[in-house]
Amino acid sequence: MDSIMQNISIWISAIRLRTLPLSISGIILAACLAHYNSVFEWRIFILALLTTLSFQILSNLSNDYGDGVKGTDNEDRIGPERAIQSGEISPEELMNAIKLNIIISIILAFTLIYSAFGVKHFLLTIFFFSLGIGSIIAAIRYTMGSNAYGYKGMGDAFVFVFFGLVSVIGCYVLFAKQLDHVTFLPAFTIGLLSTAVLNLNNMRDRLSDKKSNKITLAVKLGEKNVKIYHNILVLGAIITSGLFGALYYTSPYNLIFTITYIPLLLHLKRVNGNIDPKLFDPELKKLALTTVLLAILIGIGHLLPF
């Protein structure tokens, strides 16, 4: 029994539970906006959550595999020990898990798209099915393979597009069957903060990544410029969310999300004054949780009574 529980614990660690709330923050926000516009459906919401979680887990397992077999996850790395790095999961076992997760992701994505559009919206069905396949490929190719884009400083663009634009705007379209301008600024906000979370992770691992020839944007920018970039991401999110609050204001409740500006600004103060990469790890958790909270409060702020 103990060995079974230990094995489960190992796989839970490989899935990286702490990354999952951030991945669904855009889905929750899109669902709230859909509810506000009277197009919300529980079935689509639940399927969207499950599909997004499957994509994130696939990404986490693939990242562990890619960095593990390339030797990027080694003793120089500051963050939590990964599955292959620890030796508790073999590359073969992890690859089998990745293959199984791909099948689950395809099934969930197909079910979600069919539930949302059926046969009445053929072009949207084709577009979202292509988007789903693209999401799966992007999740796998981040660190896996000889041309992994995460090793070429392109991970930030991936996170901005999929965690922000696709997550918020794409999910809203699943509900409404059309684009709506109300989703654009929130999508940029969540995309910028999600990118900031990745950037902070890369700031923490910058020296070990450079040593392993993993050329992230943090490695390219260097210690000083990457902090400037981080400030642009976080302050950009504050500006886009503030514009959203001003342009779509109908009630003081709409602005409840602005309380998250306090931890965001304190976060920037700590990052700007920090010179020890190890201290970026606790900031990672705080920034991710603040991003989730911001997404929820933007959504809830439009559902509270006027």
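Going by the structure above, here's the rest.
Let me sum up the structure you'll find in this document. All figures in this text were calculated on a predicted structure; none of them were measured in a lab.

Details of the packing of helix α3 (residues 42-70) against helix α6 (residues 122-141)
Each packed pair of helices is defined by two parameters, the angle between the axes and the distance between the axes.
Here is step 1: Where α3 meets α6, the closest approach of the two axes is 8 Å, and the angle between their N-to-C directions is 25°. By the angle between their directions, the pair α3 and α6 is classed as roughly parallel. Contacts between α3 and α6 involve Phe55, Leu58, Ser59, Ser62 and Asn63 on the former and, on the latter, Gly132, Ser135, Ile136, Ala139 and Ile140.
Here is step 2: Within the contact of α3 with α6, the residues separate by chemical class into 5 nonpolar, 5 polar and no charged.

Some remarks on α6
Here is step 1: Over its 20 residues, α6 extends 29 Å from the first C-alpha to the last, a length consistent with the 28 Å expected when each residue adds 1.5 Å.
Here is step 2: Inspection of α6 places Thr125, Phe128, Gly132, Ser135, Ile136, Ala138, Ala139 and Ile140 among the buried residues, and these make up the whole buried set.
Here is step 3: The elements touched by buried residues of α6 are α3, α5 (91-117) and α7 (155-176).

Comments concerning the packing of aromatic side chains
Here is step 1: Here the structure, examined in full by the defined rule, presents 14 aromatic pairs.
Here is step 2: Both rings, one in Trp42 and one in Phe45, keep their centres 5.7 Å apart while their planes meet at 70°; by these two values the pair is edge-to-face. Here Trp42 and its partner Phe45 are both found in helix α3, 3 residues apart, which amounts to about one turn of the helix.
Here is step 3: The exposure class assigned to Phe45 is buried, which follows from its relative accessible area of 13%.
Here is step 4: Look at Phe160 and Phe188: their rings are 5.4 Å apart centre to centre, the planes differ by 70°, and that puts the pair in the edge-to-face class. Separated by 28 residues along the polypeptide, Phe160 in helix α7 and Phe188 in helix α8 (residues 184-204) bring together distant segments of the chain.
Here is step 5: Here a set of aromatic residues connected by ring pairs shows up, and it is made of Phe40, Trp42, Phe45 and Phe175.

Each value, and the rule that gives it
- Residues numbered from 1 in each chain as written.
- Predicted model: local features only at pLDDT ≥ 70, side-chain atom pairs only at ≥ 80, totals over all residues.
- Heavy atoms only, no water.
- Axes fitted to C-alpha atoms, helices over the stretch in contact; angles between N-to-C directions.
- Helix = DSSP H or I, 4+ residues; strand = E, 2+ residues; numbered from the N terminus.
- Parallel < 35°, antiparallel > 145°, perpendicular 65-115°, else oblique.
- Contact = heavy atoms within 4.5 Å.
- Nonpolar A, V, L, I, M, F, W, Y, C, P; charged D, E, K, R; others polar.
- Expected span 1.5 Å × (residues − 1).
- Buried < 20%, exposed > 50% of the residue type's maximum accessible area, 1.4 Å probe, protein only.
- Phe/Tyr/Trp six-rings, centres within 6.5 Å; stacked < 30°, edge-to-face > 60°.

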